[in-house]
Amino acid sequence: MCSDFQSELLLNLYVDGELSSSEQGKLFAHLSTCDACRKQFNVLLAFRLATRLESFDVPPAVDEAIFARIDRLRRTPRPAPDRVSQRRFFGGQIHRRVTLRSALMAAVVLIVFGLAVRPNPVANAPTQSYHVTETVIDDGALYVIGPGLTIEVDKPKR
Amino acid sequence: MLHSDHLLIEAFQQGDEFAYVALYNRYKGPVYAFCAKMVLDREVAQDVMQETFIRVYENRQRLLKAGSFKSWLFTIARNQCLNTLRRANRHVKFDETISGAAVPDVETPFGRLMKAEQVALVNRFLNELSPEYREVLVLREYQNLSYEEIAAVTRNTVSSVKSRLFKARRKLGQFLQPWIDPTDEDQKVDIKKYEPDSQSQSERRRVLDTPKQ
């Protein structure tokens, strides 16, 4: 085995057709002086030639077996794509079947909860103080409910 | 008329069964060769190849880039081969029926061996390689894949591929040199050292003389 690791590397690149022409000169110069690398080169060439000796013809029975399997696959009905689930949240990733009973219970809980926390417009209305002033005039009473409202009441006929 | 892989893949993905047949006919030989050299048994290789093409058919929509079909196909074949080897949980026993001939005598130079003997010797060497070295050597030498393509198939980096190829070839040199130049006195000394299965020459001859079962 050659002690020059770099040259062995160049030899590998050369047999793979990956060595630049500028570096090929360096390799050939080394090969002319290194017996170990020449032997390795011969080994690699012999191996490559040997790999070309075999033929790999696929037996017709194998072709038939493959297409028979594919034919069976094609005939097997596939489940139709679930278009409904795709429209759901997260592209249908989250979908579980629930019973009608549990759905109704969930609805009731939601309604009760919604009513419980619903804001009371009266309770939450801003408080405002009113004052009422009654003024008796000739033909009746005049109520001034401040601010902004005045009610005139006719004097009751006796 | 020959169509490019790209056109065939697109047609196949759109449901054209004839495109699949064209792809199958184009790649069945290379895939079979790859599987045969990985599992070192032609019958097993036929099963592995069958499984590979079935998976290609089933998973055609998963191939996003039609341009990478070859790498994708060999990746599937490689995974099937590794699964087969893993299931066997051992190196696949060398199958003499692959070559139809026994391993030759070391006194005969490699170049003068019968074709079947050369093939037998190559198979014997591949059988001694671990799958991680075997796969890069087979993809490079039998399939003529580039470093980048091998890296894609084996899910590795290009530098790792180069490194493994380098080491595999070193082992190849150690294994094959005794047969390349049997007259080399220095090499003769090394024969026992580099004997593939550490058997002595006499032991190996005894094994070879044993009739096949």
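Just above sits the structure.
Model, not experiment: these values are computed from the prediction.

### Topic: the overall build of chain B
Item 1. The secondary structure content of chain B amounts to eleven helices and zero strands.
Item 2. N-terminal to C-terminal, the α/β element order of chain B is α-α-α-α-α-α-α-α-α-α-α.
Item 3. Taking all contacts inside chain B whose residues are at least 6 apart in sequence as the whole, residues at least 24 apart take part in 63%.
Item 4. Counting every atom, chain B has about 10,500 Å² of accessible surface; 49% of that belongs to carbon and sulfur.

### Some words on the interface of chain B and chain A
Item 1. Facing 45 residues of chain B, the contacting portion of chain A comprises 38 residues.
Item 2. It is Glu 141, Phe 166 and Arg 169 of chain B that lose the most area in chain B upon contact with chain A, and together they represent 16% of the buried surface on that side.
Item 3. Inspection of the region where chain B meets chain A yields nine salt bridges.
Item 4. Where chain B meets chain A, there are 16 residue pairs in polar contact (both at pLDDT 80 or more).
Item 5. Contributing elements (two or more residues each) for the side of chain B that touches chain A: helix 2 (17-39), helix 3 (42-58), helix 6 (115-128), helix 7 (131-141) and helix 9 (158-180) of chain B.
Item 6. Across the side of chain B that touches chain A, the residue classes tally to 23 nonpolar, nine polar and 13 charged.

### Brief notes about the pattern of salt bridges
Item 1. Under the defined criterion, the tally for this structure stands at 18 salt bridges over all chains.
Item 2. Its salt-bridge partner being Arg 170 of chain B, residue Glu 8 of chain A comes within 2.8 Å of it at the nearest N-O pair. In this pair, Glu 8 of chain A is assigned in helix 1 (residues 5-15) and Arg 170 of chain B in helix 9, connecting two distinct chains.
Item 3. With a relative accessible area of 4%, Glu 8 of chain A lands in the buried category.
Item 4. For Arg 170 of chain B, a relative accessible area of 26% puts it in the partly exposed group.
Item 5. Between Asp 16 of chain A and Arg 140 of chain B there is a salt bridge, with the nearest N and O atoms lying 2.7 Å from each other. With Asp 16 of chain A in the loop between helix 1 and helix 2 (21-31) and Arg 140 of chain B in helix 7, the pair connects residues from two separate chains.
Item 6. On the basis of relative accessible area, Arg 140 of chain B is assigned to the buried category, the value being 8%.
Item 7. The network of salt bridges with shared partners includes Asp 16 and Arg 48 of chain A together with Arg 140, Glu 141 and Arg 169 of chain B.

### Quick notes on the packing of aromatic side chains
Residue and element names in this part refer to chain B.
Item 1. Applying the stated criterion to the full structure yields 17 aromatic pairs over all chains.
Item 2. Between the aromatic rings of Phe 12 and Tyr 57, the centroid separation amounts to 6.1 Å while the plane-to-plane angle is 40 degrees, which identifies the pairing as tilted. With a gap of 45 residues between them, Phe 12 in helix 1 (residues 5-13) and Tyr 57 in helix 3 connect regions that are remote in the sequence.
Item 3. When its relative accessible area of 3% is taken as the criterion, Phe 12 is described as buried.
Item 4. Given the relative accessible area of 3%, Tyr 57 is considered buried.

### So, the nonpolar core
Item 1. One finds Ile 66 of chain A together with Val 31, Phe 34, Met 49, Phe 53, Phe 69 and Leu 126 of chain B to be the most contacted residues of the largest nonpolar core, which totals 80 residues.
Item 2. A per-element tally of this core places helix 2 of chain B first, with 13 residues.
Item 3. Each of domain 1 (1-93) and domain 2 (102-213) of chain B contributes no fewer than three residues to this core.
Item 4. For Met 49 of chain B, the contacting residues outside a window of four places in its chain are Val 58, Val 62 and Ile 66 of chain A together with Tyr 24, Lys 28, Val 31, Tyr 32 and Cys 35 of chain B.

### Considering the environment of Leu 8 of chain B
Item 1. Examined against the element boundaries, Leu 8 of chain B turns out to sit in helix 1.
Item 2. In this view, Leu 8 of chain B contacts His 3, Ala 19, Ala 22, Leu 23 and Arg 26 of chain B; residues no more than four positions away in its chain are not counted.

Criteria and cut-off values
- As a convention, each chain's residues are numbered from 1 in the sequence order in which they are written.
- Throughout, the order in which chains and ligands are written sets their labels, letters from A for the former and numbers from 1 for the latter.
- A pLDDT threshold of at least 70 governs which residues receive local features in this predicted model, and a stricter bar of 80 or more applies before side-chain atom pairs are shown or counted, although totals over entire chains, interfaces and linings include all residues.
- The basis for every side-chain value is the complete set of non-hydrogen atoms in the structure, without hydrogens or water.
- Numbered from the N terminus, helices here are DSSP runs of H or I no shorter than four residues, and strands are runs of E no shorter than two.
- It only takes one pair of heavy atoms within 4.5 Å for two residues to be counted as in contact.
- Working definition of accessibility: Shrake-Rupley area with a 1.4 Å probe, residue cover restricted to the visible protein chains.
- The buried area of a pairing is the accessible area, by a 1.4 Å probe, that goes missing from both parts when the two are put together, added over both.
- For this analysis, a salt bridge means a side-chain nitrogen from Lys or Arg found within 4 Å of a carboxyl oxygen belonging to Asp or Glu.
- Think of a polar contact as two N or O atoms within 3.5 Å of one another; within protein, one of them needs to be a possible hydrogen donor and the other a possible acceptor, and neighboring residues in sequence only count if both atoms come from side chains.
- Classification convention: Asp, Glu, Lys, Arg as charged; Ala, Val, Leu, Ile, Met, Phe, Trp, Tyr, Cys, Pro as nonpolar; all other residues, Gly among them, as polar.
- Type-normalised accessible area, obtained with a 1.4 Å probe on protein chains alone, sets the label of each residue: buried when under 20%, exposed when over 50%, and partly exposed for intermediate values.
- We call Phe, Tyr and Trp rings a pair once their centres come within 6.5 Å, taking the six-membered ring for Trp, and we label the pair stacked below 30 degrees between planes, edge-to-face above 60, and tilted otherwise.
- In this description, a nonpolar core means a group of buried Ala, Val, Leu, Ile, Met, Phe, Trp, Tyr and Cys residues linked to one another through side-chain atoms lying within 4.5 Å.
- What marks off one domain from the next here is an automatic or database domain assignment.

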